[in-house]
Protein chains: 2
Amino acid sequence: MAECITSRDNAKIKYACKLAQSAAFRNQEKSFLAEGLKLCPELAKGCPLKVIYYTERALAKSPELESLPGEHYLVQPHVAEKLAQVDSSQGVFAVFGMPEPGWETVASASAQKQGGARFLALERVQDPGNVGTLIRSAAAFGFDAVLLSDGCASPWSPKTLRSSMGAAARIPVLEVGSMAQAVQKLRDLGVLVLAAALYNSVELGAQPVQPGPGGLCTVIGSEGQGLSEETVRACSKAVRIPMSDRVESLNAGVAGSVLLWQFRGEC
Amino acid sequence: MAECITSRDNAKIKYACKLAQSAAFRNQEKSFLAEGLKLCPELAKGCPLKVIYYTERALAKSPELESLPGEHYLVQPHVAEKLAQVDSSQGVFAVFGMPEPGWETVASASAQKQGGARFLALERVQDPGNVGTLIRSAAAFGFDAVLLSDGCASPWSPKTLRSSMGAAARIPVLEVGSMAQAVQKLRDLGVLVLAAALYNSVELGAQPVQPGPGGLCTVIGSEGQGLSEETVRACSKAVRIPMSDRVESLNAGVAGSVLLWQFRGEC
């Protein structure tokens, strides 16, 4: 039987809460906290599970939790409440090690897939819901990696994890700093890099797009400002989604996902 | 100068709050409350504006509010707070008459566009964010109407209005009751009706789809359960979005929008 934590001031509980709250602390510890009866086992398929906490009630409902790796602790309901980031907590929480894929992941997909590699790059997409949705769509549509610039919502925050539904454990997610520089590195690998931009762009679907020998990357900018000029200039060309004049814009997660669908890889 | 409302107990304010909170009251009054400096003028392009409320601060920032139709009232900040449904209120609120398009809208688009009419139908999509996103995507991709079954989130709730960004004023939105019956009516108009369903379905994009003489309708089910069997049986055929095995599902707003993009109309 797992040890039971009865105090909200337990050091392990404080540590887990800090992981949920601070991106800087997550990066320092190379770890993150996730919550959810489905999400935690899902993430465990792709990320090292270090510690898992659950209430007796959650365990009664899902005895298979016991078979997960890592250290196990029962937590009393008032302790679970402290760990919970949402009102309707399911009473299951886990600390995972962060996967840290590097450029070699991108380079090897690019080299091996003979024009078939697919990448998604996000520049300063600040909404965790949009970042999570786009990671999930990229995984669904057979993409090989997601590149996030400075200023994007953290893929390991509780909100982003909820909207990606654990997909960040199933597709490499790289934090790359400057997007313009990352675009240049992709182009050096022979990747055709498409900026999503309203101006000086071709309509999506109007003509076939031929990926480069290293594959294809779609670059999407922030909800309010779109891509920086520097990044658009660094890209191979620009595309836009044709729209009626009845709306000003699409939801950012939707617009990005339509591009991902259009340029989907082999599933 | 508009009259200033200084009391949170003012009958007009109470009426507006009730519109925001109760779908039954909205249907009884055939009116809804919207909030937002951009959203209210946007909705005014397609819905009759009855009464608009704004703070002095909002008016100073956007003097063009004065040119909108309807009755105008200034409200003190503590009154605006009561009207506000979100923490960061912009201090602009308006009561609109609900547009009530009927089947004749669907029938005439279907008859006039010679196979080019496009419809979106939602069955029991409960999340206001998803309903709003899909109305917005349908308007963007040149669709002619959106049909909502019983059990869908109200298109006129504050949350749905925020995520549709006012698109419900630019595209007819019908509340149709039973979806299986609505599908039958569409088919009687010569519309090809496609169910979005995981089983017994063809892969989207695998083969060209020929709309019926009355056009094409995409039917999307609830986030958890998908479409009812009765509705799937009523449809002409079923399609699914091919996905990798790295995710279980797509975000509902995303999945629907990909279908809308694939079957887009003339913008």
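Summary of the structure given here. What you are looking at is a predicted structure, and each value in this text was computed from that prediction instead of being measured.

What counts and how
- Residues numbered from 1 in each chain as written.
- Chains lettered and ligands numbered in written order.
- Predicted model: local features only at pLDDT ≥ 70, side-chain atom pairs only at ≥ 80, totals over all residues.
- Heavy atoms only, no water.
- Salt bridge = Lys/Arg side-chain N within 4 Å of Asp/Glu carboxyl O.
- Helix = DSSP H or I, 4+ residues; strand = E, 2+ residues; numbered from the N terminus.
- Buried < 20%, exposed > 50% of the residue type's maximum accessible area, 1.4 Å probe, protein only.
- Contact = heavy atoms within 4.5 Å.
- Buried area = accessible area lost by both parts, 1.4 Å probe.
- Polar contact = N/O pair within 3.5 Å; in protein donor to acceptor, adjacent residues only side chain to side chain.
- Nonpolar A, V, L, I, M, F, W, Y, C, P; charged D, E, K, R; others polar.
- Arc of directions from axis to C-beta.
- Pairing = 2+ DSSP bridges.

## Thoughts on the pattern of salt bridges
Residues and elements named next belong to chain A.
At step 1: What the rule picks out here adds up to 17 salt bridges over all chains.
At step 2: With a shortest N-O distance of 3.7 Å, Glu 229 and Arg 233 are connected by a salt bridge. Here the residue Glu 229 and the residue Arg 233 both occupy positions in helix α10 (residues 229–234), the gap between them amounting to four residues, near one helical turn. Residues Glu 229 and Arg 233 agree in their burial class; the two are exposed.
At step 3: It is possible to trace a salt-bridge network through shared partners that takes in Glu 42, Lys 45 and Arg 170.

## Focus: the interface of chain A and chain B
At step 1: Counting residues at the interface gives 35 residues for chain A, matched by 35 residues for chain B.
At step 2: At the boundary of chain A with chain B, total buried surface from both sides reaches about 2,700 Å², with 57% on carbon and sulfur atoms.
At step 3: Among the salt bridges present, the one from Lys 38 of chain A reaches Glu 248 of chain B, with a minimum N-O distance of 3.0 Å.
At step 4: Inspection of the region where chain A meets chain B yields 18 residue pairs in polar contact (both at pLDDT 80 or more).
At step 5: Looking at the side of chain A that touches chain B, the elements that each hand over two or more residues are α7 (128–140) and α11 (252–262) of chain A.
At step 6: The residue inventory of the side of chain A that touches chain B, partitioned by class, reads 17 nonpolar, 10 polar and eight charged.

## Examining the side chain of Thr 218 of chain B
Residues and elements named next belong to chain B.
At step 1: Counting through the fold element by element, Thr 218 comes out in strand β11 (residues 215–220).
At step 2: With a relative accessible area of 0%, Thr 218 lands in the buried category.
At step 3: Here Thr 218 is in contact with Phe 119, Leu 120, Ala 121, Leu 194, Leu 259 and Phe 263, once residues within four sequence places are set aside.

## Focus: helix α1 (residues 11–21) of chain A
Residue and element names in this part refer to chain A.
At step 1: All of the buried residues along α1 are Ile 13, Ala 16, Cys 17, Leu 19 and Ala 20. Buried positions in α1, seen along its axis, are confined to an arc of 155° and lie on one side of it. In this structure, α1 carries Ala 11 and Gln 21 as exposed residues pointing more than 90 degrees from its buried face.
At step 2: In this structure Asn 10 caps α1, since a side-chain oxygen of it lies 2.7 Å from the backbone nitrogen of Lys 12.

## Concerning the pairing of strand β11 (residues 215–220) of chain A
Two faces, one strand: in a regular strand the side chains alternate between the faces of the sheet.
Residues and elements named next belong to chain A.
At step 1: For β11, a buried count of six out of six residues is recorded, marking the element as mostly surrounded by other parts of the structure.
At step 2: The side-chain alternation of β11 yields two buried faces, one formed by Gly 215, Cys 217 and Val 219 and the other by Leu 216, Thr 218 and Ile 220.
At step 3: Sheet topology places strand β6 (residues 118–122) next to β11; five bridges connect them, and they run parallel. Each bridged residue has a counterpart across the sheet, and for Leu 120 the counterpart in β11 is Thr 218.
At step 4: As judged from the five bridges shared by strand β9 (residues 191–196) and β11, these two strands associate in the parallel manner. Within the sheet, the bridge partner assigned to Leu 194 lies in β11 and is Thr 218.

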